[in-house]
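This is what each chain is made of:
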Amino acid sequence: MENSIASLHAAESEEIKPYKIHVSSKYLDLTKKKLELTRLPHEVFLPREREWDHGTPKSEIEPLVDYWLEHYTWRQRETHLNTTLPQYRTAISLPSTTTTPTPSPPLRIHFLHLKSPHKHAIPLLLIPTFPLTNLSLTPLFAPLTNPTSPTSTQPFTLIVPSLPGLGFSDAFQTSSSLLSKSAALCDALMKRLGYTYYLASATGSGADSPAGIDYHLLRVLGEEYKDSCLGIHVIEPCVAPPTLSEQPVGWMKFAFARFFHANIWGYKKCDFVALRSTQARSRSRSKSHSRTQTRISSHPSNAGDEERPLLNRGGRTYGAIGVLGLREPNTFAYALCDSPVGLLSLVLSALRRRSPGHRLSKMEIIDVAQLAWLPGPEAGARFWTAAVDEVRGFERLELGGKKGGGGWRSKVAVTVFGADGEGDAYICPAWAGLKHDVLFSQRASGRAGIAVWERVDVLVDGIRGLAREVERVDPRLRIRALEEIVVFEEPILEVTEDDSESRERESVDYSIDESWGDVGHEGDQDHGMQLDVESPDTVVAVDLRGK
């Protein structure tokens, strides 16, 4: 991949090209061989209710390995994605800064551009929950672009990039300030598409995401690009209750509202009911595990207090992955780059942590694993490590009173879960008011889980709440984008896929322009893929049609 990136150094084209996924057949053959040669570890036999005590059990992973080998066909999935989603790539360079005086090499960003059929649609930048790709957000597309009642329900035109290093976007060749650089790339992409003003939304819980990436990336967008990003929607932001020493006014408001259970200053009575319930559950859990916790916290190999907020959010930890992966991402990557089953085990563990009772089909689970396996997980591991350091820097600036864009408070909509007291931890939407201008908030029952699959209605309501409130205070949101900016459109045809294990998805026709011809790929000589199979870099496509 380094050679392909180096070839872009000479000149960066602002051309936006249609993109078709086509993975090298040699790489797919290599994946099959690795699956066939997998050696599964021996494990201790545990009762059914305790089989996850040591991580992903063999009883969970063996059937999925068999399914991946015998029933899952990437070429079919590839065709489905290529014919139902309008995909594009464009190369974007980040400008030089005081810390990086030379411009960075342009990165080819893979993105979806789903135009709503309704003229009053608002441009929305949709950020995939880390470390998923843009191809995993399909349940959100139809409800947002083509609602059932578009006259009374706000539609959106969606721009959905994959973050650098994930999916089919090039990886950063640096390891510093990746959140800030990703925000800059997203803003540059929106402007290149002709969207001078837009909204942005997370698709996953910030408190549950590694290093709070799902929150902090949106926060940087809202603060650093306030002249174009007019509002952000965050889910369970990484915010804490105010303290007397740091936010005395905020602390007094919180204390007053909590004492009287008052609906005031952004607080609701249900906030305090949920807080009391989750705190009681936390105390009970702490007492039952007090001896174990004492031994763990006193062990010298454990992370210090300053690392806990990054490894443990809302009572959910990242375990060995956090300890090894954050300190030594390369060591972590060598293991996963060579083992699709090892990566699948990690995916299963992550899904269970997010939603123990999830109902994803075998095909959907393998889709997630395959989209992580194809480019290789190393870029995601390094992104996570870099985000930990960057978030620590944000926290230090906040303590020094220097964070916040010179006093700018981004306009936000906040969605939180656990309003019924069923979650592990509860975040009051009003706490976000210490850092942001909260225009809209909603409190949902239950857990966030895998929100993009399990809580679509809540996410959509939060996004529409943001649009409604921003439109009231900022007329720029209704300024039309320059439609002629995006050239090279191609027809997107709907297909149906008969898969008994996959839940039915609501669909919408994203056809745009019948003038674009057939862009099929026949054989390995025409797909424009690198054929070197020694590295997962083989799946990063080089589009040869413009040459």
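The paragraphs below set out a description of the structure included in this document. Predicted model only: the values in this text are computed from it and were never measured. (Residues numbered from 1 in each chain as written. Predicted model: local features only at pLDDT ≥ 70, side-chain atom pairs only at ≥ 80, totals over all residues. Heavy atoms only, no water.)

So, about the overall build of the chain. Tallying secondary structure elements over the chain gives 18 helices and 11 strands in all. Considering the chain as a whole, with its 547 residues, one finds that 52% of them fall into the buried category. Contacts spanning at least 24 positions in sequence make up 78% of the contacts within the chain whose residues lie at least 6 apart. Total accessible area on the chain is roughly 25700 Å²; 52% of this is exposed by carbon and sulfur atoms. (Helix = DSSP H or I, 4+ residues; strand = E, 2+ residues; numbered from the N terminus. Buried < 20%, exposed > 50% of the residue type's maximum accessible area, 1.4 Å probe, protein only. Contact = heavy atoms within 4.5 Å. Areas by Shrake-Rupley, 256 points an atom, 1.4 Å probe, with all protein chains shown as cover.)

On to the side chain of Arg 354, then. Residue position: Arg 354 is located in helix 14 (residues 340–354). It is Asp 208 that comes nearest to the buried, bridge-free Arg 354 among opposite-charge side chains, at 4.6 Å. Those residues within four positions of Arg 354 in sequence are excluded, and the remaining contacts are Thr 129, Phe 130, Asp 208, Ser 209, Pro 210, Gly 449 and Ile 450. (Lys, Arg positive; Asp, Glu negative; His and termini not counted. Salt bridge = Lys/Arg side-chain N within 4 Å of Asp/Glu carboxyl O.)

As a further point, take the sheet that holds strand 2 (residues 87–92). Within the open sheet, the 9 strands sit side by side as 1-2-3-5-4-6-7-10-11. Their pairing is mixed. With one partner strand each, in any of the chains shown, strand 1 (17–18) and strand 11 (437–444) form the two edges of the open sheet. Sheet analysis places strand 2 next to strand 3 (residues 107–114), joined by 6 bridges and oriented antiparallel. The residue bridging Tyr 88 from the neighbouring strand is Phe 111, located in strand 3. Seen against the sheet, helix 5 (residues 138–145) touches strand 3, strand 4 (122–127), strand 5 (156–161) and strand 6 (198–205) and runs at an angle of roughly 155° to strand 5. (Pairing = 2+ DSSP bridges. Axes fitted to C-alpha atoms, helices over the stretch in contact; angles between N-to-C directions.)

It is worth spelling out the nonpolar core at this point. Grouped together as the largest cluster of nonpolar side chains are 71 residues, with contacts concentrated most on Leu 126, Leu 199 and Leu 344. Of the residues forming this core, the biggest block, 8 residues, is contributed by helix 18 (residues 456–473). What Leu 199 contacts, discounting residues up to four positions off in sequence, is Ile 122, Pro 123, Leu 124, Leu 125, Phe 156, Leu 230, Gly 231, Leu 466, Ala 467, Val 470 and Leu 477. Counting 63 residues, the second-largest nonpolar core is a separate cluster that includes Tyr 88, Leu 107, Ile 159 and Ala 387. (Core = buried A, V, L, I, M, F, W, Y, C linked by side-chain atoms within 4.5 Å.)

Okay, the environment of Arg 50 next. Locating Arg 50 in the fold gives a position in the loop between helix 2 (25–36) and helix 3 (58–70). At 2.8 Å, the side chain of Arg 50 forms a polar contact with the side chain of Asp 53. (Polar contact = N/O pair within 3.5 Å; in protein donor to acceptor, adjacent residues only side chain to side chain.)

A cluster of nonpolar side chains, namely Leu 244, Val 249, Trp 251 and Met 252, defines an oily patch on the protein surface of about 390 Å² accessible area. Following the sequence through the fold, Leu 244 ends up in the loop between strand 7 (229–235) and helix 8 (248–260). (Patch = residues over 30% accessible without salt bridge, like charges linked within 9 Å, V, L, I, M, F, W, Y side chains within 5 Å.)

One can describe the packing of helix 14 onto helix 15 (residues 362–373) by two numbers: an axis separation of 9 Å at closest approach and a directional angle of 125°. In terms of axis orientation, helix 14 runs oblique to helix 15. Crossing of helix 14 against helix 15: the hand is right-handed. Between helix 14 and helix 15, the contacting residues are Pro 340, Leu 343, Leu 344, Val 347, Leu 348 and Leu 351 on the first element and Ile 365, Ile 366, Val 368, Ala 369, Ala 372 and Trp 373 on the second. (Parallel < 35°, antiparallel > 145°, perpendicular 65-115°, else oblique. Left-handed = near helix turned anticlockwise from the far one by under 90°.)

Together, Glu 43, Glu 62, Asp 66 and Glu 70 make up a negatively charged patch on the protein surface. Residue Asp 66 is classed as partly exposed on the basis of its relative accessible area of 40%. (Charge placed at Lys NZ, Arg CZ, Asp CG, Glu CD.)

So, about the pairing of strand 4. By the criterion of burial, strand 4 is predominantly enclosed, with 6 of the 6 residues buried. By the alternation rule, side chains of strand 4 split into Ile 122, Leu 124 and Leu 126 and Pro 123, Leu 125 and Ile 127, which are all buried. Here strand 4 runs beside strand 5; their pairing, made up of 4 bridges, is parallel. Within strand 5, the residue paired with Leu 125 across the bridge is Ile 159. In this structure, strand 4 lies alongside strand 6, joined through 4 bridges in parallel fashion. Bridging across to strand 6, Ile 127 finds its partner in Ala 202.

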